[in-house]
Amino acid sequence: MEKRRIDDCEPGPVPSPRPVDRFGFVKQEHGSPYEGVIKSRSAIQFEREERRVRKWRKMIGVGGSDWKHYVRRKPHVVKRRIRKGIPDCLRGLVWQLISGSRDLLLMNPGVYEQRHGPGQRSLYNVLKAYSVYDRDVGYVQGMGFLAGLLLLYMSEEDAFWLMVALLKGAVHAPMEGLYQVGLPLVQQYLFQFDHLVKEHLPKLGEHFTKEMINPSMYASQWFITVFSYSFPFHLALRIWDVFLFEGVKIVFKVGLALLTYCHDDLIKLPFEKLIHALRNFPEDAMDPDKLLPVAYSIKVSKRLEELKSLYEKQNKKVVQSAETNGKVKQQDMQED
């Protein structure tokens with residue numbers, strides 16, 4: 001049988017062309033199922049971020065003029081928005097507002113002076129200025145991580161006053177004990193954290209005891225630098241948003257959340273591998289959207305106060321005992 005040429009074939013019905021939009025999707029009279037796809041994801045995210053920034057600007061007011069009023073009226077809204085993360089373009093200003101450093105700056109005009117030439121680095125300027133301002137604390141290495149983070153979002157003078165606000169306790173408890181001789185506040189925090197681990201994660205606490213692991217081996221830097229030392233930048237920023245508004249309890253919560261997240265792996269490890277794991281958490285554990293909701297769900301405020309009292313009582317006994325022993329030794333020397 002002879003093959004029929006294509007042009008010999010009888011033409012079939014020609015479908016009428018259907019209108020398409022500029023993306024190539026078929027237009028439909030009664031709405032299209034592709035309407036949600038047409039708008040690119042990045043455009044949607046951009047619009048969402050713009051709306052979020054507008055909400056924050058309204059909440060803050062011009063130069064922070066409405067901030068205190070809004071916090072008084074709607075503290076829960078402020079807390080919720082901060083926990084979701086402060087928009088990066090407003091982070092520097094908001095950090096100053098929630099820490100109380102903006103008030104300190106306005107009340108102390110001219111206190112921060114540039115004593116160094118333009119060739120000196122900003123970080124050096126801030127740390128040097130603080131060591132002059134507070135000679136009792138001076139400069140301790142861990143302070144550099146705080147100042148460095150702040151300088152990413154504000155001027156030298158603003159960073160200086162935020163450090164003053166944190167260390168002197170403009171809004172929350174003073175942090176200067178983290179950097180004084182003997183690191184007294186670090187010792188208190190580690191004592192509290194050790195108890196919290198044993199109470200919230202008893203199996204892991206028992207494993208730590210067995211392997212002779214204590215918080216000073218892995219958590220000191222968490223408190224001294226508020227996670228700005230070795231943690232991913234995007235996570236550190238989210239923690240700092242909450243830390244400046246809610247105080248140091250977020251450091252305890254994030255620490256417990258990390259241990260909770262990695263619990264099943266940690267309880268299997270011997271000493272050396274355990275130390276390594278506690279200083280090098282897996283990448284998925286560092287996702288703020290996974291880690292922070294776990295941290296927020298952990299309640300520690302009341303227990304922290306109780307443990308602080310317990311620590312102070314025990315410390316007082318140790319000091320009294322040392323003083324008593326010192327007096328006894330002095331009497332013995334006099335008798336000899």
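These notes cover the structure that comes with them. All values reported here derive from a predicted model rather than from experimental measurement. (Residues numbered from 1 in each chain as written. Predicted model: local features only at pLDDT ≥ 70, side-chain atom pairs only at ≥ 80, totals over all residues. Heavy atoms only, no water.)

1. Here we look at the overall build of the protein chain
Rule in force here: Strands here are runs of E lasting at least two residues and helices are runs of H or I lasting at least four, both read from the DSSP assignment and numbered beginning at the N terminus. Classification of residues uses two cut-offs on accessible area relative to the type maximum, computed with a 1.4 Å probe and protein chains only: under 20% is buried, over 50% is exposed, and between them is partly exposed. Here, residues are in contact when the closest pair of their heavy atoms is within 4.5 Å. Here the accessible surface of atoms and residues is derived via Shrake-Rupley with a 1.4 Å probe, and residues count as covered only by protein chains that are part of the display.
Along the protein chain, the regular secondary structure elements total 18 helices and 0 strands. Looking at the 336 residues of the protein chain, the share that counts as buried comes to 41%. Relative to all contacts within the protein chain whose residues are 6 or more apart in sequence, the contacts with residues 24 or more apart total 70%. Surface summary for the protein chain: the accessible area is close to 20600 Å², and the carbon and sulfur share equals 53%.

2. Describing the side chain of Ser220
Note the cut-off: Each polar contact in these results corresponds to two N or O atoms within 3.5 Å; when the atoms are within protein, one needs to be able to donate a hydrogen and the other to accept it, and residues that are neighboring in sequence are counted only if both atoms are side-chain atoms.
Within the secondary structure, Ser220 is located in helix 12 (residues 220–225). A polar contact is formed between the side chain of Ser220 and the backbone oxygen of Ser216, at a distance of 3.3 Å. Non-local contacts of Ser220, meaning those with residues more than four positions away in its chain, are made with Val186, Leu190 and Pro215.

3. Comments concerning the environment of Cys89
Within the secondary structure, Cys89 sits in the loop between helix 4 (75–84) and helix 5 (91–99). Residue classification places Cys89 among the exposed positions, given a relative accessible area of 54%. C-alpha of Cys89 to C-alpha of Val53: the two residues are 36 residues apart in sequence and 8.3 Å apart in space. With residues near it in sequence (within four places) discarded, Cys89 still touches Val53 and Arg57.

4. A look at the nonpolar core
Nonpolar side chains in soluble globular proteins tend to end up buried together. How we decide: Nonpolar core, defined: a set of buried Ala, Val, Leu, Ile, Met, Phe, Trp, Tyr and Cys residues in which side-chain atoms within 4.5 Å join the residues together.
In terms of nonpolar packing, the biggest core is built from 94 residues, with Trp67, Trp95, Tyr218, Trp222, Trp240, Leu258 and Leu259 touching the most fellow members. With 9 residues, helix 9 (residues 156–168) is the largest single contributor of residues to this core. Discounting chain neighbours no more than four positions away, the residues touching Tyr218 are Phe193, Val197, Phe208, Ile213, Leu259 and Leu278.

5. Some points on the packing of helix 7 (residues 122–133) against helix 9
Here is the rule: Axis definition: a line fitted to C-alpha atoms, limited for helices to the stretch in contact. Angles are taken between N-to-C directions and run from 0 to 180 degrees. Orientation labels follow simple angle bins: below 35 degrees gives roughly parallel, above 145 gives roughly antiparallel, 65 to 115 gives roughly perpendicular, and whatever is left gives oblique. The hand of a helix crossing depends on one turn: near helix anticlockwise from the far one by less than a right angle means left-handed, and clockwise means right-handed. Side-chain classes are defined by residue name, with Ala, Val, Leu, Ile, Met, Phe, Trp, Tyr, Cys and Pro counting as nonpolar, Asp, Glu, Lys and Arg as charged, and the others, Gly among them, as polar.
It is the contact of helix 7 with helix 9, at a shortest axis distance of 10 Å, that shows an interaxial angle of 45°. Comparing the axis directions of helix 7 and helix 9 gives the class oblique. Seen from above, helix 7 lies across helix 9 with right-handed handedness. Each of Ser122, Asn125, Val126, Leu127, Ala129, Tyr130 and Tyr133 in helix 7 lies in contact with helix 9, whose residues at this interface are Glu156, Ala159, Phe160, Trp161, Met163, Val164, Leu167 and Lys168. Along the lines of polarity and charge, the residues of the contact of helix 7 with helix 9 split into 11 nonpolar, 2 polar and 2 charged.

6. Quick look at helix 9
Counted only if it meets this: One less than the number of residues in a helix, times 1.5 Å, gives the span that helix is expected to have.
With 13 residues, helix 9 extends 18 Å between its outermost C-alpha atoms, agreeing within 8% with the 18 Å of an ideal straight helix rising 1.5 Å per residue. Within helix 9, 11 of the 13 residues are buried, which leaves it mostly tucked inside the rest of the structure. If you check which residues of helix 9 are buried, you get Glu156, Asp158, Ala159, Phe160, Trp161, Leu162, Met163, Val164, Ala165, Leu166 and Leu167. Taken from the residues just after helix 9, Gly169 is the one with a positive phi, measuring 80°.

7. Side note on the side chain of Arg91
Checked against the element boundaries, Arg91 lands in helix 5. Looking at Arg91, the relative accessible area reads 5%, which means it is buried. Side-chain polar atoms of Arg91 contact the side chain of Asp88, separated by 2.7 Å. Once residues lying within four places of it in the same chain are set aside, the contact partners of Arg91 are Ile86, Tyr153, Leu237, Arg238 and Asp241.

8. Considering helix 16 (residues 271–279)
Our working rule: For this quantity, the arc is that covered by the directions from the helix axis to the C-beta atoms.
For helix 16, the set of buried residues is Leu274, Ile275, Ala277 and Leu278. Down the axis, helix 16 shows its buried residues gathered within 165° of arc, on one side only. For helix 16, the exposed residues set more than 90 degrees away from the buried face come down to Glu272, Lys273, His276 and Arg279. Next to the buried residues of helix 16 lie helix 11 (202–210), helix 12, helix 14 (249–261) and helix 15 (263–266).

9. Section: the environment of Lys210
Looking at the element boundaries, Lys210 is found in helix 11. Accessibility expressed as a relative area gives 66% for Lys210, which makes it exposed. Residues Lys210 and Pro270, spaced 60 residues apart in sequence, show a C-alpha to C-alpha distance of 9.5 Å.

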